[in-house]
Amino acid sequence: MNEEVSKKLELMRQTLRENEVQGVRLRGTDWFAWATAGASNTVLLTAETGVAEVLVTTEDAWVLTDEIEAQRLKDEELPADFKVHINPWADGAARESFVRDTTGGGKTVSDRPISNLEQPLPPSLQKHKRVMMSSELERYRQVGQKASQAMTEVLKAAKPTWTEYQLAGAGAEALWAKGLHPALTLVAGERRLPLYRHATPTAEQIGQQAMLVFCARGYGLYANLTRFVCFGELSGERAELHSHVREIEAVVLNLSQPGTTLDTAYNALAQAYEQHGFPNAIREHHQGGTTGYLAREIVANPTTTDTLTEGIALAWNPSLAGAKVEDTFVILKDGKLENLTFDPNFPNVEVEGRLRPVPLYN
């Protein structure tokens, strides 16, 4: 038996007992990966749910899927802890009938409730998903290293004549080559960089500088990072913007300790922007928050009172018009932050004891 899966099955069965329900039903790509220790139910990358789901009762753990997907999932994805129930692909009612029989027609909790017999997952189980076990953290390190190496490779190869589409495509290709899903690849070239925070790629040439953003998914876990490439020297004003962003980020990274609440972190960022002369920047883009099995599990805002603990992953992304910084960190036992997406081959400077990326000059 997979030790990690066994622990998670026990957490789900504890949820059954505490909530007096007969089953836990997990449909989302995030929850499926969590419950199966990194297996994937994804076929369509943009879908929030996949081609299989998890059903856990007091006695059994099932993966429910159809006859199209079952053999591949058994051969290539699923740990041995799960039984597989296969329904005809054209007969979704057969699956629902199986669930009713397996749960005795009782109530279930689900990440995506779709009937009056299903209730939302309790907060206790949601908290467990957001705290990395040691085995999850090992997988996360692999994802982070592969994603950051892909980023470095692509930006070192980039040319000012590339279009934003080409840069995004090269990023996606590099991630696929390392076995990662390119869940998000944003690109802004020289003209669009100061205009838009969420710059989806266009056919425009990138010109003298560009930003590339990855949300790269592997084992269901997201490595989030942002980097810049420049062709020729940055103007003093542009370079100063990057310096401001790194110093603002240092404020929130210093606060990223067990016991800090997300609203406290958000308010500290708001104050840091103001101190650096950019009082409106806090409203111009979200600042990031916790990450893991979603690109952002919780986006920090003035009302998010969730408390950070050991094992929680974070991706802050403070930004100004034309500058941004972002990596994926995890809070370790001693309260220290480990940067999961650090590549020593990418240019960096030390900011308050941490190595932070600076624009790469090509």
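Residues numbered from 1 in each chain as written. Predicted model: local features only at pLDDT ≥ 70, side-chain atom pairs only at ≥ 80, totals over all residues. Heavy atoms only, no water.

- As recorded in an unreviewed UniProt entry, the protein goes by M24 family metallopeptidase and comes from Nostoc flagelliforme FACHB-838.

## So, the pairing of strand S8 (residues 209-218)
Right, so step 1: The element S8 is largely enclosed, with a buried count of 10 among its 10 residues.
Right, so step 2: Neither face of S8 is exposed, since Gln-209, Met-211, Val-213, Cys-215 and Arg-217 on one face and Ala-210, Leu-212, Phe-214, Ala-216 and Gly-218 on the opposite face are all buried.
Right, so step 3: As judged from the 10 bridges shared by S8 and strand S9 (residues 221-230), these two strands associate in the antiparallel manner. By the bridge assignment, Arg-217 is partnered in S9 with Tyr-222.
Right, so step 4: Hairpin connection from S8 to S9: 2 residues lie between these consecutive antiparallel strands, with Tyr-219 at a positive phi of about 55°. (Buried < 20%, exposed > 50% of the residue type's maximum accessible area, 1.4 Å probe, protein only. Helix = DSSP H or I, 4+ residues; strand = E, 2+ residues; numbered from the N terminus. Pairing = 2+ DSSP bridges.)

## Comments concerning the layout of surface pockets
Right, so step 1: The computed volume of the largest pocket comes to approximately 650 Å³.
Right, so step 2: Along the wall of the largest pocket there are 30 residues; nearest its centre are Thr-42, His-181, Ala-183, Arg-217 and Tyr-222.
Right, so step 3: Those elements that provide at least two residues to the lining of the largest pocket are helix H2 (29-35), helix H6 (134-157), strand S7 (181-188) and S8.
Right, so step 4: For the lining of the largest pocket, the leading source of residues is S7, giving 4 residues.
Right, so step 5: Looking at the lining of the largest pocket residue by residue, the classes come out as 15 nonpolar, 9 polar and 6 charged.
Right, so step 6: Taken as a whole, the second largest pocket encloses approximately 220 Å³ of empty space. (1 Å grid on protein atoms, 1.4 Å probe; cavity = no way out; pocket = protein on both sides within 12 Å on 5 of 7 lines; lining within 4 Å. Points joined across faces, edges and corners; volume = space filled by probe spheres on them. Nonpolar A, V, L, I, M, F, W, Y, C, P; charged D, E, K, R; others polar.)

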